[in-house]
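# Notes for the structure review
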Amino acid sequence: MSKRVAIFLSGGGSNMRSLVASMTGDHPARPALVLSNRSDAGGIAWAAGQGIATEVVDHRPHGADRAAFEAEIEARLVPYGIDIICLAGFMRVLTAGFVTPWQGRMINIHPSLLPNYRGLHTHVRALEAGEHEAGCTVHEVTAELDEGPVLGQARVPVLAGDTPDALAARVLEQEHILYPAVLRRFAAGNRTPLYLP
Ligand code: GAR
């Protein structure tokens, strides 16, 4: 039986699109749900247009009550019988209360070569530090932000004159290759890290 995947996002969802596109044929998983904290996320409209189930859980009515926000997400997931959660540009921090029960079944893509540059503004920080190399990481999600066992990494060069946007675009191209490759392995039970190129 195919694994049922929920993809969480907050924005345009280009990673979500690459994951959805990959889950065909003999792939061991299928997209079952796209969930966002923002009703105006481009990825939600796209997924709905593809006939994929969507859910929006707005974080704002919950204010600082992250537990209530997360309980609402958990409740929305139940009817879909989700096996794996892929965070794909989901810009809300999830606490241990949500993460711990999903540990081992939830993965994330982060736009840096972890453990370097956890958190936000990774490309600005990498350029300011004079890095010669950047990249992205797919990892299992644990209660610590951008920690958790690495499942794959892809590297790109930093070029002379790079801006954060130029570097982000170069890394994003690799994200679209790395994340589907890692999800396919992960859904088949393979957690050996994949290093690209
Ligand atoms: C991606 O670059 C992803 O790595 C990053 O947000 C972008 C989402 O783009 N994620 C994070 O920064 C998580 N901390 P997308 O909506 O086009 O997939």
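Here, the structure is the one placed above.
If you're wondering where the values come from, they're calculated on a predicted model, not measured in any experiment.

### Structural notes on the sheet that holds strand 7 (residues 150–157)
- Read across the sheet, 8 strands follow the order 3-2-1-4-5-6-7-8 without closing on themselves; strand pairing throughout is mixed. Of all the strands in the sheet, just strand 3 (54–56) and strand 8 (194–196) have a single pairing partner and so form its edges. Within this sheet the neighbouring strands show an average axis-to-axis angle of 20°, counted without direction.
- In the sheet, strand 1 (residues 3–9) pairs with strand 2 (residues 29–36) via 7 bridges, with the strands oriented parallel. For Leu9, the partnering residue across the bridge sits in strand 2 and is Ser36.

### Describing helix 2 (residues 42–49)
- Within the sequence span of helix 2, burial applies to Gly43, Ile44 and Ala47. End-on, the buried residues of helix 2 take up no more than an arc of 100°, which puts them together on one face. The exposed set on the far side of helix 2, more than 90 degrees from its buried face, consists of Ala45 and Gly49.
- The inward-facing, buried residues of helix 2 contact strand 1, helix 1 (14–22), strand 2 and strand 3.
- Just beyond helix 2, the residue with positive phi is Gly51, at close to 80°.

### Observations concerning the pattern of salt bridges
- Applying the stated criterion across every chain, the model contains 9 salt bridges.
- In this structure, Arg76 and Glu55 form a salt bridge, with 2.9 Å as the shortest nitrogen-oxygen distance. Linking Arg76 in helix 3 (residues 66–77) with Glu55 in strand 3, this pair joins segments that are 21 residues apart in sequence.
- The shortest N-O distance in the salt bridge between Arg170 and Asp162 comes to 2.7 Å. Across the pair, Asp162 and Arg170 agree in class, each one buried.
- Residues joined by salt bridges that share partners form a network here, namely Glu55, Glu72 and Arg76.

### A closer look at the packing of aromatic side chains
- All chains considered together, the criterion is met by 2 aromatic pairs.
- A ring pair is formed by Phe8 and Phe90, whose centres lie 5.3 Å apart and whose planes are at 65°; its orientation type is edge-to-face. Of this pair, Phe8 sits in strand 1 while Phe90 is found in the loop between strand 4 (84–87) and helix 4 (96–102), placing the two residues 82 residues apart along the sequence.
- Owing to a relative accessible area of 0%, Phe8 belongs among the buried residues under this scheme.
- On the accessibility criterion, Phe90 (8% relative accessible area) is buried.
- Measuring from ring centre to ring centre gives 6.4 Å for Phe8 and Phe98, while their planes differ by 50°; the resulting arrangement is tilted. Remark: Phe98 occurs in helix 4 and Phe8 occurs in strand 1; sequence separation between them is 90 residues.

Procedures and definitions
Residues numbered from 1 in each chain as written. Predicted model: local features only at pLDDT ≥ 70, side-chain atom pairs only at ≥ 80, totals over all residues. Heavy atoms only, no water. Pairing = 2+ DSSP bridges. Helix = DSSP H or I, 4+ residues; strand = E, 2+ residues; numbered from the N terminus. Axes fitted to C-alpha atoms, helices over the stretch in contact; angles between N-to-C directions. Buried < 20%, exposed > 50% of the residue type's maximum accessible area, 1.4 Å probe, protein only. Arc of directions from axis to C-beta. Contact = heavy atoms within 4.5 Å. Salt bridge = Lys/Arg side-chain N within 4 Å of Asp/Glu carboxyl O. Phe/Tyr/Trp six-rings, centres within 6.5 Å; stacked < 30°, edge-to-face > 60°.

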